[in-house]
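Notes for the structure review
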Amino acid sequence: ASFMFAKVKNWDHVTSRDVALNIPVDVAYTFDLGVVALRAFAGPTVQVGLVNNVVYRGGNSTHSYNMYADNENPYALGTRTRLNVSLGFGAAAVVFDKLTAHVRYDLGLVNLTTAQYTKLFRNTLQIGVGYIF
């Protein structure tokens with residue numbers, strides 16, 4: 001899953017929240033070097049949007065706009081699409097079969113807006129570390 005939160009630049013009263021489920025489908029190859037195993041992987045990631053809201057707070061009022069619905073919200077770049085597909089690739093290392101670290105880059109392939117004359121693509125960079133029980 002991915003969770004993204006933002007404040008609109010130069011607008012202190014506008015915030016956004018974006019929550020999505022990411023499903024990577026990778027092909028991987030592992031080089032076992034004894035103490036360290038190195039892995040390279042690539043494949044598509046399907047991302048399904050769960051929440052995408054823009055919240056405006058001004059004066060005594062608060063307005064929340066669902067970016068997935070065409071509700072005439074003034075901050076949308078048109079209605080957003082829930083489905084995104086990206087092409088990802090990355091590398092990982094596992095040390096002593098216990099410690100792991102990885103880096104992954106996903107290049108968005110789907111235009112996420114329906115706005116005329118506008119394109120919106122989501123590219124993501126992931127960096128992670130972990131301990132394997």
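Residues numbered from 1 in each chain as written. Predicted model: local features only at pLDDT ≥ 70, side-chain atom pairs only at ≥ 80, totals over all residues. Heavy atoms only, no water.

Our next topic: the packing of aromatic side chains. Inspection of the entire model under this criterion finds 3 aromatic pairs. Ring centres of Tyr29 and Phe31 lie 4.8 Å apart, and the angle between their planes is 70°; this geometry places the pair in the edge-to-face category. The class for Tyr29 is exposed, based on a relative accessible area of 54%. Considering the side-chain rings of Phe89 and Tyr105, the 6.1 Å spacing of their centres and the 55° angle between planes classify their relative orientation as tilted. Of the two residues, Phe89 sits in strand 6 (residues 83-95) while Tyr105 sits in strand 7 (residues 99-108), which places them 16 residues apart along the sequence. (Phe/Tyr/Trp six-rings, centres within 6.5 Å; stacked < 30°, edge-to-face > 60°. Buried < 20%, exposed > 50% of the residue type's maximum accessible area, 1.4 Å probe, protein only. Helix = DSSP H or I, 4+ residues; strand = E, 2+ residues; numbered from the N terminus.)

Moving on: a nonpolar patch on the surface. Taken together, the side chains of Leu21, Ile23, Val25, Val46, Val48, Leu50 and Leu83 define a hydrophobic patch exposed on the protein surface, amounting to about 550 Å² of accessible area. The set of elements that each furnish at least two residues to the nonpolar patch consists of strand 2 (14-24) and strand 4 (36-58). Among the elements that line the nonpolar patch, the one with the most residues is strand 4, at 3 residues. Residue position: Ile23 is located in strand 2. (Patch = residues over 30% accessible without salt bridge, like charges linked within 9 Å, V, L, I, M, F, W, Y side chains within 5 Å. Areas by Shrake-Rupley, 256 points an atom, 1.4 Å probe, with all protein chains shown as cover. Salt bridge = Lys/Arg side-chain N within 4 Å of Asp/Glu carboxyl O.)

The next subject is the side chain of Asp18. As for its position among the elements, Asp18 is in strand 2. On the accessibility criterion, Asp18 (8% relative accessible area) is buried. Within the structure, Asp18 has its side chain in polar contact with the side chain of Arg122 (distance 2.4 Å). (Polar contact = N/O pair within 3.5 Å; in protein donor to acceptor, adjacent residues only side chain to side chain.)

This part is about the pattern of salt bridges. If charged atoms from side chains of opposite charge come close, those side chains can pair. Within this structure, the stated rule accounts for 3 salt bridges. Linking Arg122 and Asp18 is a salt bridge whose minimum nitrogen-to-oxygen distance equals 2.4 Å. Here the residue Arg122 occupies a position in the loop between strand 7 and strand 8 (124-131), and Asp18 occupies one in strand 2, the gap between them amounting to 104 residues. Accessibility classification places Arg122 together with Asp18 in one group, the buried group.

Before going further, it helps to examine unusual backbone geometry. Of note, Phe96 is a non-glycine position whose phi angle comes to about 55°, a positive value. By the secondary structure assignment, Phe96 is in the loop between strand 6 and strand 7. A positive phi angle, close to 55°, is found at Asp97, a residue other than glycine. Take Asp97: it is sitting in the loop between strand 6 and strand 7.

Everything listed here is a matter of geometry and, on its own, says nothing about what the molecule does.
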